[in-house]
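Results of the structural survey
Chain by chain, the residues run as shown.
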Amino acid sequence: MGRDFVRRLGTWEGLLLAILVVVVLVNTLAVPGYLQPQNQINLVQLSVEKAIVVLAMTFVIVSGEIDLSVASVMGLAAVTVAWLSGEGAPFPLAIVIALGVGGLCGLFNGFWIAIVGLPSLAVTLAGLIGYRGIARLLIEDRSIGGFPDWFARLGQQPFLGPLPFALVVFGVLLVVAFVVLGYSGFGRYLYVLGNSLEVARFSGVRVARIRIATFTMSGLVAALAGVLLAARLGAVRGSTAEGFELDIITMVLLGGVSIFGGRGTMAGVILSILLILNLRNGLGLANITGNTQTGVIGVLLILSVLVPNLASSARTRWRRSRGAAAAAGAEGP
Amino acid sequence: MRYVRPEQLRELTLVFIIIAVLAFFATQIPDYLSGRTFTRISTSVAVIAVVAVGQTLVVLTRNIDLSVGSIVGVVAYVTGTLLTNDPNLSPAVAIAVAIGLGGALGALNGLLVAYGRVPAIVTTLGTLALYRVALVELSGAKTVTTDALPSWLLDLPATSLVSLGALDIRPLVVLALLIVVIFQLGLRYLPYGRRLFAIGSNPDAAQVAGFRVQRDVFAAFLLSGALSGLAGFMFLARFGNITVVAGQGLELQAVAAVVVGGVNIFGGIGSVVGALLGATLIDLLQQSLIRWLEVSEFLRDAFLGLLILLAVASDKVILGRLRTIWVRARRERDGSAAAAEASHGA
């Protein structure tokens, strides 16, 4: 059993857990009361919208694609809510329309990728620029606030016990994502798609349909996160959520999901979300600016792919040299 | 028809579209076909074109470089600061510093992608943030201002090197055209250029054929960084005032120019001239539309996104089909020629 534990630690998830423990320990020693529930809730709340999109992005990347447009969809949804309510639409209707817009953005991406067969990198790069452009077109350089009280309360006050609404949404979606990716047929198909498109096609998996569903879901979830972000911030601008895709993709890849698709688990992604949030918080406590924190995230993004690569090539080399040594031993006397 | 490859058809189409756009707006906007329009568009295309040439090299190898905007910003800022501190610095040294610094930043990308096997999208998304962060830290929120820069630099974008009638050709434009010509010829005739196409068409085959794929991909990123460095210098000369957001979003314009210019995002197909034409068309459309519709410049991004999508889609749907037809026609011709030769021999 001891051995089993050690083997678990040797996995990517084990490594993340170990680093997470160290980061939390250091933070706790530096700041008394760091581990108190309220502080942890505050810490997650500051990035909960990104964490929600991370769940959807995990699905996209596991299926071997990428969605660079999520931050722009978040911004567009937030702007849509603000703009519609500014034009006099009833607020709940504005929210529903904003979610619909997000779903449509995702469907639009999915159409070009699954039906026309364009690379998701190019399509969602166009989306990254285009959806942000539509958001800017809608409210130009204004900042729109003045949302109804219940909406602001939803974003800023505790909703269930000490938990704010966005955190509850995240918790529910996390459970759903965990079950769907790990234990459902749909999740299994995503891994097949990511591992080998050929195998998926020849096995009769409806590739186009799954792709469209994945991207539509990604757009819808991003829009939901955007609306929640608007509620928390209380005001929306054309640049809301700009650049969030960096953090989101970093959290997914650091969680052990392969950028080539087909590999990774929700457990790793959760650990990586917690790790990045605690790291950012710790850096903030150490008086390191948000700018430098972004730099740290950039380095983490590269390291999360570089380190496994270097480790695997080192392992191959070691095996080869051991194999050569064994062969030399066998040839000896 | 015999000597026109599908890619050249794409370039010809772009030239025709550019002419059609010019003709259309000439009827719509008074005083459109003037020296001023030409100067404005050509100087703004010059900076993007140089970045797009580097991007072309990288995209040809089936990679992408999203960090170019940050490289342009860092280089413009560092070079500007150097010139502010020492106005007597010779132009040659300033340009060398710009190219060298850009090349160093590009080399880091290349190292990670080629030798660390980190996918280009991950690497350059990371360095896009990293180089920008470095710039913010480096600058301490100070900006480079026009009045502190030497006059030769500030006069550079406004002087005209050659005048063709009403058209003034600016030194920056000449520099950009020179870069385009050099790299077009290099890609076509140098072994390194041909290897980039081979690597992008089929990286595994290129490896099996004994090409040093890692070294060539590394060099492509290095060149992309060096060209972005040069573009950073041009950016400094053109604007003078450099803040920490200088060059932000340039990577998207460069990728757009390359894709609209017919460089295949899957690598292996495309040309530097195509990238120049793509950059020209995008800039022409954007500037003319803003003047014609009198819409705010906020339209620009929405429009750019749509253009990229249309370019990639048309490349896939129309050119893909043309390519198949072209290959089949050639195979038939070769087949019939071989058959004729065989019967002749018999």
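Residues numbered from 1 in each chain as written. Chains lettered and ligands numbered in written order. Predicted model: local features only at pLDDT ≥ 70, side-chain atom pairs only at ≥ 80, totals over all residues.

Observations concerning the overall build of chain A
Our working definition: Secondary structure elements are defined from DSSP: runs of H or I of at least 4 residues count as helices, runs of E of at least 2 residues count as strands, and each element is numbered from the N terminus. Two things to know: the radius of gyration comes from C-alpha atoms, and the globule rule equals 2.2 Å times the number of residues to the power 0.38. We call a residue exposed when 12 or fewer other C-beta atoms sit within 10 Å of its C-beta, buried when the count reaches 20 or more, and partly exposed for counts in between; the C-beta positions come from the backbone. Contact definition: two residues whose C-beta atoms, as placed from backbone geometry, lie within 7 Å.
When helices and strands are tallied, chain A shows 15 helices and four strands. Relative to its length of 333 residues, chain A is compact, with a C-alpha radius of gyration of 22 Å against a globular reference of 20 Å. Principal-axis analysis of the C-alpha atoms places the extent of chain A at approximately 90 × 55 × 35 Å. Split into buried and exposed, the 333 residues of chain A put 47% on the buried side. Look at the contacts in chain A between residues 6 or more apart in sequence, and 78% of them connect residues 24 or more apart.

A look at the overall build of chain B
Secondary structure assignment for chain B yields 13 helices and two strands. Over its C-alpha trace chain B gives a radius of gyration of 22 Å, about what one expects of a compact globule, namely 20 Å for 346 residues. Overall size of chain B, expressed as C-alpha extent along the three principal axes, is 80 × 55 × 35 Å. Taking all 346 residues of chain B together, 46% fall into the buried category. Put simply, 79% of the contacts in chain B that link residues at least 6 apart link residues at least 24 apart.

Remarks on the interface of chain A and chain B
Our working rule: Each residue gets one label: Ala, Val, Leu, Ile, Met, Phe, Trp, Tyr, Cys and Pro are nonpolar, Asp, Glu, Lys and Arg are charged, and the others, such as Gly, are polar.
Counting from both sides, the interface comprises 36 residues of chain A and, opposite them, 36 residues of chain B. A total of 13 residues in the side of chain A that touches chain B trace back to one element, the largest contributor, which is helix 7 (residues 120-139) of chain A. Per-class residue counts for the side of chain A that touches chain B are 23 nonpolar, 10 polar and three charged.

Some thoughts on the nonpolar core
Note the cut-off: By definition, a nonpolar core groups buried Ala, Val, Leu, Ile, Met, Phe, Trp, Tyr and Cys residues that connect through C-beta atoms lying within 7 Å of each other.
Within the largest apolar cluster, 204 residues are counted, with the highest numbers of intra-cluster contacts made by Met74(A), Val227(A), Val50(B) and Ile308(B). At 16 residues, helix 10 (residues 213-239) of chain B tops the list of elements feeding residues into this core.

With respect to helix 2 (residues 12-30) of chain A
Residue and element names in this part refer to chain A. The test is simple: Working rule for helices: expected span equals 1.5 Å times residues minus one. By construction, the arc corresponds to the directions joining the helix axis to the C-beta atoms.
A rise of 1.5 Å per residue sets the reference length of helix 2, with its 19 residues, at 27 Å; its end C-alpha atoms lie 27 Å apart and thus fit the reference within 8%. For helix 2, the set of buried residues is Trp12, Glu13, Leu16 and Asn27. Each buried residue of helix 2 sits inside an arc of 90 degrees when the element is viewed along its axis, so together they form one side. Facing away from the buried side of helix 2 by more than 90 degrees, the exposed set consists of Ala18, Val21, Val22, Leu25 and Leu29. Looking at the buried side of helix 2, the elements it contacts are helix 14 (266-285).

Focus on unusual backbone geometry
Residues and elements named next belong to chain B. Look at Asp31: it is not a glycine, yet its phi comes out positive at around 60 degrees. Along the chain, the position of Asp31 falls in the loop between helix 1 (6-28) and helix 2 (35-60). Here the phi dihedral of Arg62 falls at roughly 70 degrees; this positive angle occurs in a residue that is not glycine. By secondary structure assignment, the location of Arg62 is in the loop between helix 2 and helix 3 (68-85). Judged by the 19 C-beta atoms lying within 10 Å of it, Arg62 is partly exposed.

What about helix 4 (residues 48-62) of chain A?
Residue and element names in this part refer to chain A. Put simply, the test is: To get the bend at a residue, fit one axis to the 7 residues ending there and another to the 7 starting there, then take the angle between the axes.
With 15 residues, helix 4 should reach 21 Å at 1.5 Å per residue; the first-to-last C-alpha distance of 21 Å fits that figure. A bend of about 25 degrees at Ala56 is the largest found in helix 4. Extensive coverage of helix 4 is indicated by the burial of 15 of its 15 residues.

Considerations on the packing of helix 3 of chain B against helix 10 of chain B
Residue and element names in this part refer to chain B. As a reminder of what qualifies: As a rule, the C-alpha atoms of each element are fitted with a line to give its axis, helices using only the stretch in contact, and angles between N-to-C directions run from 0 to 180 degrees. The labels follow the angle: roughly parallel below 35 degrees, roughly antiparallel above 145, roughly perpendicular from 65 to 115, and oblique for the rest. It is the rotation of the near helix from the far one that decides the hand of a crossing: anticlockwise by less than a right angle makes it left-handed, clockwise makes it right-handed.
One can describe the packing of helix 3 onto helix 10 by two numbers: an axis separation of 7 Å at closest approach and a directional angle of 50 degrees. Our classification of the angle between helix 3 and helix 10 gives oblique. Pair helix 3 / helix 10 crosses with right-handed handedness. Of helix 10, the residues touching helix 3 (which contributes Val68, Ile71, Val72, Val75, Ala76, Thr79 and Gly80) are Ser224, Gly225, Ser228, Gly229, Ala231, Gly232, Phe233, Phe235 and Leu236.

Thoughts on the packing of helix 6 (residues 91-116) of chain A against helix 7 of chain A
All names here are of chain A. Between helix 6 and helix 7, whose axes approach to 9 Å, the crossing angle comes to 150 degrees. Between helix 6 and helix 7, the crossing angle belongs to the class labelled roughly antiparallel. Note that helix 6 runs across helix 7; the crossing there is right-handed. For the pair helix 6 and helix 7, contact is made by Cys105, Asn109, Trp112 and Ile113 and by Ser120, Val123, Thr124, Gly127 and Tyr131, respectively. Grouping the amino acids of the contact of helix 6 with helix 7 by side-chain chemistry returns five nonpolar, four polar and no charged.

Brief notes about the environment of Ala231(B)
Counting through the fold element by element, Ala231(B) comes out in helix 10. With 24 residues separating them in the primary sequence, Ala231(B) and Gln207(B) have C-alpha atoms 32 Å apart.

Concerning the confidence of the model for chain B
Residue and element names in this part refer to chain B. We count it as follows: What pLDDT expresses is the predictor's confidence in each residue, scored from 0 to 100.
For chain B, mean pLDDT is 86; residues scoring 70 or higher make up 94% of the total. Here strand 1 (residues 162-164) is the element of chain B with the lowest mean pLDDT, 73, and helix 4 (residues 91-115) is the one with the highest, 96. Interface confidence in the predicted complex, given as ipTM, is 0.79; pTM for the same model is 0.84.

Let's talk about the environment of Leu174(A)
All names here are of chain A. Note that Leu174 resides in helix 9 (residues 165-183). Looking at Leu174, the number of C-beta atoms within 10 Å reads 18, which means it is partly exposed. Along the primary structure Leu174 and Ile52 are separated by 122 residues, whereas in three dimensions their C-alpha atoms are 7.9 Å apart. For Leu174, the residues in contact, after removing those within four places along its chain, are Leu55 and Ile270.

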